[in-house]
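Residues per chain, in single letters:
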Amino acid sequence: MSTITVLGIESSCDDTAAAVLRWDGVAEVLSSEVSGQTDLHAAFGGVVPEIAARAHAERLDLMVELALEKAGLGLDDLDAIAVTSGPGLIGGVVSGVMCAKGLAAATGLPLLGVNHLAGHALTPRLTDGLAFPYLMLLVSGGHCQFLIAHGPDNFERLGGTIDDAPGEAFDKSARLLGLPQPGGPAIEEAAKAGDPCRFDLPRPLIREPHCDMSFSGLKTALLRARDAVMQEGNRLKRQDVCDLSASFQAAVGEVLSAKTARALEAYMALAPSEPALAVAGGVAANQSLRAALAVEAKRAGARFIAPPLALCTDNAAMIAWTGIERLRAGGHADDMTLAARPRWPLDSAAVPMLGSGKKGAKA
Ligand code: KG4
Ligand code: ZN
């Protein structure tokens, strides 16, 4: 197949997305449409799975139509339909899989069930043509893990969070400080005017000789520091919020830097021909965290790649791209027994991760 055109569908969390990608030696994103649900969940302090699933079911066909229209194509022009079939909030994943099955049944097109995490992890190949193996840090509201991408279907997990994802910690901490959601950008903004040394927050697991991380204790420490300030002066002043934000961000940054350095050490031992560290996920939008990761990459002699934010956060272009990678590698299509999976670790040999975040299963 010299030209491959694939429709991608994503609905594993709180974004309903559809995209059309074409490969003819180079990749082209013909369209990538995302409909977020932040407004629907705002009053609940987290994603409500039932509300998310219903919104996906209502919006999926509209998003598919929109993506095809923007690409200037019809279903006849496609070679395959790729859909996130896990991991994620099961109601949403089921909605997407049912939509894709319906389209595949009606058109006779091959159906490709894609791992959402593989979508994130393969994005730097779509945006920057990275060669395998490269090191990947997924860092968002629902994910946090280091992966070595060896091939389109071959990922080695070096470590990840054992509790909250960093984005989740940013969001919960922002709430404790009376800042708006999503918490990441709000804390980053407040931190600019803050003193990162005023509060001595913990750096969990930083000295442990592995790549696992923990962020839930940090948020509890922030709560204690906040309460101590409030006991002294009753009200939290703007400067206190800025200092708490800066101290929190510095702690997350130091942990991520230290663990990235460890992950790079393991990765560089493979003597990759074109060493690279790539990031994906909403937290990668944070300028100071991004700068800290770039420093670690440079120190290790690796290129640092941060795809454009629209392709870093949840989207369907990455799902279509993963489908294209599979077809290029001669992989098989799925059939109508394709199941929606709440959990689906990328590296089945790695020890399973614990728990489940507010945005669903982490692996
Ligand atoms: O990748 P994403 O859009 O969605 C998933 O979690 O799947 O990531 C959203 C997360 C939120 O928790 C948000 O607070 C965090 O990314 N985030 C940030 C920043 N922008 C978004 N965290 C820190 N600094 C930022 N500038
Ligand atoms: Zn994601």
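Reading guide: rules and limits
- Residues numbered from 1 in each chain as written.
- Chains lettered and ligands numbered in written order.
- Predicted model: local features only at pLDDT ≥ 70, side-chain atom pairs only at ≥ 80, totals over all residues.
- Heavy atoms only, no water.
- Axes fitted to C-alpha atoms, helices over the stretch in contact; angles between N-to-C directions.
- Helix = DSSP H or I, 4+ residues; strand = E, 2+ residues; numbered from the N terminus.
- Parallel < 35°, antiparallel > 145°, perpendicular 65-115°, else oblique.
- Contact = heavy atoms within 4.5 Å.
- Nonpolar A, V, L, I, M, F, W, Y, C, P; charged D, E, K, R; others polar.
- Donors = N, O, S within 2.8 Å, 3.2 Å for Na, K, Ca; no water.
- Tetrahedral: all angles 85-135°; square planar, octahedral: opposite > 155°, others 65-115°.
- Buried < 20%, exposed > 50% of the residue type's maximum accessible area, 1.4 Å probe, protein only.
- pLDDT = per-residue confidence, 0-100.
- Near = heavy atom within 4 Å.
- Polar contact = N/O pair within 3.5 Å; in protein donor to acceptor, adjacent residues only side chain to side chain.
- Areas by Shrake-Rupley, 256 points an atom, 1.4 Å probe, with all protein chains shown as cover.
- Domains from an automatic or database assignment.
- Buried area = accessible area lost by both parts, 1.4 Å probe.
- Salt bridge = Lys/Arg side-chain N within 4 Å of Asp/Glu carboxyl O.

**What to know about the packing of helix 4 (residues 116-128) against helix 11 (residues 317-328)**
- The interhelical angle for the contact between helix 4 and helix 11, taken along N-to-C directions, is 80 degrees, at an axis separation of 8 Å. By the criterion of interaxial angle, the relationship of helix 4 to helix 11 is roughly perpendicular. Taking contact as the criterion, the partners of His116, Ala118, Gly119, His120, Leu122, Thr123, Arg125 and Leu126 in helix 4 are, on helix 11, Ala317, Met318, Ile319, Trp321, Thr322, Glu325 and Arg328.
- Residues that form the contact of helix 4 with helix 11 fall into these classes: 7 nonpolar, 5 polar and 3 charged.

**Regarding the coordination of the zinc ion (ligand 2)**
- The zinc ion (ligand 2) binds to the protein through His116 (NE2), His120 (NE2), His143 (NE2) and Asp314 (OD); the donor distances cover 2.1 to 2.4 Å.
- Bound by 4 donor atoms, the zinc ion (ligand 2) shows angles of 87 to 163 degrees at the metal and therefore irregular coordination geometry.
- Donor residues for the zinc ion (ligand 2), ordered by position in the chain, follow H-x3-H-x22-H-x170-D. Residue His120 is located in helix 4, and its partner Asp314 is located in the loop between helix 10 (309-312) and helix 11; the two are separated by 194 residues in the primary sequence. Grouping residues by exposure puts His120 and Asp314 together as buried.

**Structural notes on the confidence of the model for the protein**
- With 96% of its residues at a pLDDT of 70 or more, the protein has an overall mean of 93.
- Note that pLDDT drops below 50 for residues 354-358; the model gives that stretch 12 contacts with residues more than four away or on any other chain.

**Considering unusual backbone geometry**
- A cis amide bond links Gly86 with the next residue in sequence, Pro87, at an omega value of -15 degrees.
- Structurally, Pro87 is set in the loop between strand 4 (80-86) and helix 3 (90-107).
- Looking along the chain, the bond that leaves Phe132 and enters Pro133 is cis, with omega of -10 degrees.
- Following the sequence through the fold, Pro133 ends up in the loop between helix 4 and strand 6 (134-139).
- For Leu205, which is not glycine, the phi dihedral falls at a positive 60 degrees.
- Mapped onto the secondary structure, Leu205 falls in the loop between helix 6 (183-191) and helix 7 (216-233).
- Assessed through its relative accessible area of 29%, Leu205 is described here as partly exposed.
- With phi around 50 degrees, Ala271 is a residue other than glycine that occupies positive phi space.
- For Ala271, the location among the structural elements is in the loop between helix 8 (238-268) and strand 9 (276-280).

**Quick notes on the site of ligand 1**
- Not every one of the 19 residues close to ligand 1 is listed here, only the nearest: Gly141, Asp171, Glu188, Gly282 and Asn286.
- A distance of 2.7 Å separates a nitrogen atom of ligand 1 from a polar atom in the side chain of Glu188.
- A distance of 3.3 Å separates an oxygen atom of ligand 1 from a polar atom in the side chain of Asp314.
- Protein burial of ligand 1: of its 550 Å² of free accessible surface, 90% is covered by the chains.
- It is helix 6 that provides the largest number of residues to the shell around ligand 1, a total of 4 residues.
- Classifying every residue of the shell around ligand 1 gives 5 nonpolar, 10 polar and 4 charged.

**Things to note about the domain arrangement of the protein**
- Taken as a whole, the protein is organised into domain 1 (4-122 + 311-328) and domain 2 (132-310).
- Domain 1 and domain 2 are separated by 28 Å when their C-alpha centres are compared.
- Listed as interface residues are 12 residues of domain 1 and, on the opposing side, 18 residues of domain 2.
- Both faces combined, the contact of domain 1 with domain 2 buries some 1,300 Å², and carbon together with sulfur accounts for 65% of it.
- Broken down residue by residue, the surface that domain 1 buries against domain 2 is led by Ala121, Leu311 and Cys312, which jointly contribute 42%.
- In this assembly, domain 1 and domain 2 are joined by 0 salt bridges.
- Applying the counting rule to domain 1 against domain 2 returns 8 residue pairs in polar contact (both at pLDDT 80 or more).
- When residues of the side of domain 1 that touches domain 2 are traced back to their parent elements, those giving at least two are helix 4 and helix 10.
- When the residues that make up the side of domain 1 that touches domain 2 are grouped by side-chain class, the tally is 6 nonpolar, 5 polar and 1 charged.

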